[in-house]
Amino acid sequence: MQFGIFTVGDVTTDPTTGRTPSETERIKSMVTIARKAEDVGLDVFATGEHHNPPFVPSSPTTMLGFIAARTERIILSTSTTLITTNDPVKIAEDFAMLQHLADGRVDLMMGRGNTGPVYPWFGQDIRQGIPLALENYNLLHRLWREHVVDWEGKFRSPLQSFTSTPRPLDGVPPFVWHGSIRSPEIAEQAAYYGDGFFANHIFWPKEHFMRLIGLYRRRFEHYGHGTADQAIVGLGGQVFMRRNSQDAVAEFRPYFDNAPVYGHGPSLEEFTEQTPLTVGSPQEVIDKTLTFREHFGDYQRQLFLMDHAGLPLKTVLEQLDLLGEEVVPVLRKEFEALRPKHVPDAPTHAGLLEAAKATATKATSATEAIRDKADNNDRTEVTS
């Protein structure tokens with residue numbers, strides 16, 4: 001199972017000091033956080049994509065390419081790549097390039113985003129959000145798997161004899177997660193292609209995401225990719241820790257109360273009761289995270305939101321120390337002990353490449369068997 005962090009890249013005033021970081025400071029802090037995540041033994045760093053204040057990560061592949069040059073092991077991903085407003089051709093090219101630069105340590109998460117105005121900013125209609133997501137991803141999927149593509153759709157100009165370059169590393173496209181907080185159509189899309197489904201359940205009660213993930217699992221099996229419990233699931237989460245639970249609550253409360261997303265709404269206590277947010281000791285984080293398996297089944301990726309709401313960089317790095325040293329080792333051991341052998345590991349480039357080679361070998365063997373049978377039949381006919 002993979003553990004990691006994701007960032008939304010918000011530039012938010014620290015409510016306890018009144019200080020607001022500059023865009024430069026915030027961008028560079030995200031790089032520092034990614035490197036720290038690798039240092040403490042996490043598996044994944046993911047960044048969102050936003051094109052409006054107070055967020056800064058408008059160019060995820062630029063940031064991830066920079067981080068790739070400064071890390072060695074951690075998987076670099078997105079927590080949203082806007083499949084609705086980005087050109088699928090550019091996504092295909094950008095992430096294949098990133099694959100080569102990062103030696104395969106790349107995957108991505110497709111999403112529609114949560115900012116309505118982004119559609120007209122990029123010449124699209126929000127009322128076409130689902131059709132855009134379906135059509136654009138269909139094209140992207142083909143661009144990575146077909147050397148020459150002829151294509152015509154509704155939302156972009158046709159392609160004639162087009163080859164996306166560079167080609168995916170080792171002929172293996174980056175693994176794709178489809179992220180959603182509300183849309184059964186996206187769960188269906190993920191299941192159809194045999195891709196991963198990421199439920200970023202940081203806002204809503206678990207029952208909502210149990211329905212979405214359950215739908216994805218049933219449809220994954222329906223399309224013949226494996227049994228329902230073999231479907232590839234990822235989950236979001238939020239934590240804030242201190243050694244003492246009361247200290248964690250007291251320190252995090254002003255950040256929660258003034259956060260740009262959920263501030264001035266439900267109380268911290270109400271939110272922690274109804275959502276995955278955990279504010280307390282490392283053991284409390286372990287205990288609550290382990291309940292996710294009870295609700296959603298065995299899953300492959302757990303990402304935590306750690307660096308939002310104006311939290312200073314020093315505090316975030318302290319959180320990562322606790323996460324990497326005290327929480328994740330226990331979660332790895334517990335989840336691994338509970339996971340049945342037939343449930344797959346989280347996808348990696350090495351694993352996908354091995355599977356592709358195995359499939360190619362099987363196809364070659366089948367072809368040779370057919371040819372041998374034909375040759376035997378020919379010899380039988382001659383001798384008779």
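Our subject is the structure that appears above.
As a starting point, this report considers the structure included with it.

Turning our eyes to something else, we now look at the nonpolar core. Ile5, Tyr216, Phe252 and Leu323 are the most contacted members of the largest nonpolar core, which totals 97 residues. Broken down by element, the residue count for this core peaks at 8 residues, all from helix α11 (residues 313-338). Once residues within four sequence positions are removed from consideration, Ile5 is found in contact with Ile33, Ala37, Leu42, Val44, Phe45, Ala46, Leu303, Phe304, Met306, Leu320 and Leu323. Among the nonpolar cores identified, the runner-up in size contains 5 residues, and Val118, Tyr119, Leu132 and Phe155 belong to it.

Moving on, we come to the packing of aromatic side chains. Summed over all chains, the structure comprises 11 aromatic pairs. On the numbers, 6.2 Å between centres and 45° between planes, the contact of Phe3 with Phe335 is tilted. Taken together, the residues Phe3 in strand β1 (residues 2-7) and Phe335 in helix α11 connect sequence positions 332 residues apart. Pair check on accessibility: Phe3 and Phe335 agree, each one buried. Taking the centre distance of 5.2 Å and the plane angle of 85° together, the rings of Tyr192 and Tyr223 count as edge-to-face. With Tyr192 in helix α6 (residues 184-193) and Tyr223 in the loop between α7 (206-222) and β10 (233-235), the pair connects residues that are 31 residues apart, well separated along the chain. What makes Tyr192 partly exposed here is its relative accessible area of 47%.

For any two helices packed against each other, the geometry is given by the interaxial angle and the distance between the axes. Two elements in contact, helix α10 (residues 282-296) and α11, have axes separated by 10 Å at closest approach and are oriented at 30°. The orientation of α10 with respect to α11, classified from their angle, is roughly parallel. Note on packing geometry: the crossing formed by α10 with α11 is right-handed. Within the contact between the two elements, α10 uses Pro282, Val285, Ile286, Thr289, Leu290 and Arg293 and α11 uses Leu322, Glu326, Val327, Val330, Leu331, Glu334, Phe335 and Leu338. Across the contact of α10 with α11, the residue classes tally to 10 nonpolar, 1 polar and 3 charged.

On to the side chain of Gln319. Tracing the chain through its elements places Gln319 in helix α11. Judged by relative accessible area, Gln319 falls into the buried class, the value being 1%. What Gln319 contacts, discounting residues up to four positions off in sequence, is Val239, Phe240, Met241, Arg242 and Met306.

This part is about unusual backbone geometry. Glycine aside, the phi torsion of most residues is negative, and most peptide linkages are trans. Residues Pro53 and Pro54 are joined by a peptide bond in cis, for which omega reads 5°. You can see Pro54 is positioned in the loop between β2 (44-47) and α2 (60-68). In this structure, the amide linkage connecting Thr165 to the following residue, Pro166, adopts the cis form with an omega of -5°. Topologically, Pro166 is positioned in the loop between β7 (159-162) and β8 (175-180). Of note in the backbone geometry, Asp103 takes a positive phi value of approximately 55° without being a glycine. Considering the arrangement of structural elements, one finds Asp103 in the loop between α3 (88-101) and β5 (107-111).

Parameters and conventions
The numbering scheme is per chain: residues are counted from 1 as the chain's sequence reads. Owing to the predicted nature of the model, reporting of local features is limited to residues with pLDDT of at least 70; listing and counting of side-chain atom pairs is limited to 80 or more, with chain, interface and lining totals taken over all residues. As a convention, hydrogens and water are excluded, and side-chain values are obtained from all of the structure's heavy atoms. Put simply, buried Ala, Val, Leu, Ile, Met, Phe, Trp, Tyr and Cys residues joined by side-chain atoms within 4.5 Å make one nonpolar core. For every residue, the accessible area (1.4 Å probe, protein chains only) is compared with the maximum for its type, and the residue is labelled buried under 20%, exposed over 50%, or partly exposed between those bounds. Helical segments are the DSSP runs of H or I of at least four residues, strand segments are the runs of E of at least two, and each set is numbered from the N terminus. In what follows, residue pairs with any heavy atoms lying within 4.5 Å of each other are defined as contacts. Planes of paired rings set the category: under 30 degrees apart is stacked, over 60 is edge-to-face and the rest tilted, where pairs are Phe, Tyr or Trp rings (Trp by its six-membered ring) whose centres lie within 6.5 Å. Fitted lines through C-alpha atoms serve as axes, helices being fitted only where they are in contact, and the angles separating the N-to-C directions of these axes extend from 0 to 180 degrees. Orientation is classified from the angle alone, with under 35 degrees giving roughly parallel, over 145 giving roughly antiparallel, 65 to 115 giving roughly perpendicular, and any other angle giving oblique. We call a crossing left-handed when the near helix sits turned anticlockwise from the far one by less than a right angle, and right-handed when that turn is clockwise. Amino acids outside the nonpolar list (Ala, Val, Leu, Ile, Met, Phe, Trp, Tyr, Cys, Pro) and the charged list (Asp, Glu, Lys, Arg) are all regarded as polar, and Gly is one of them.

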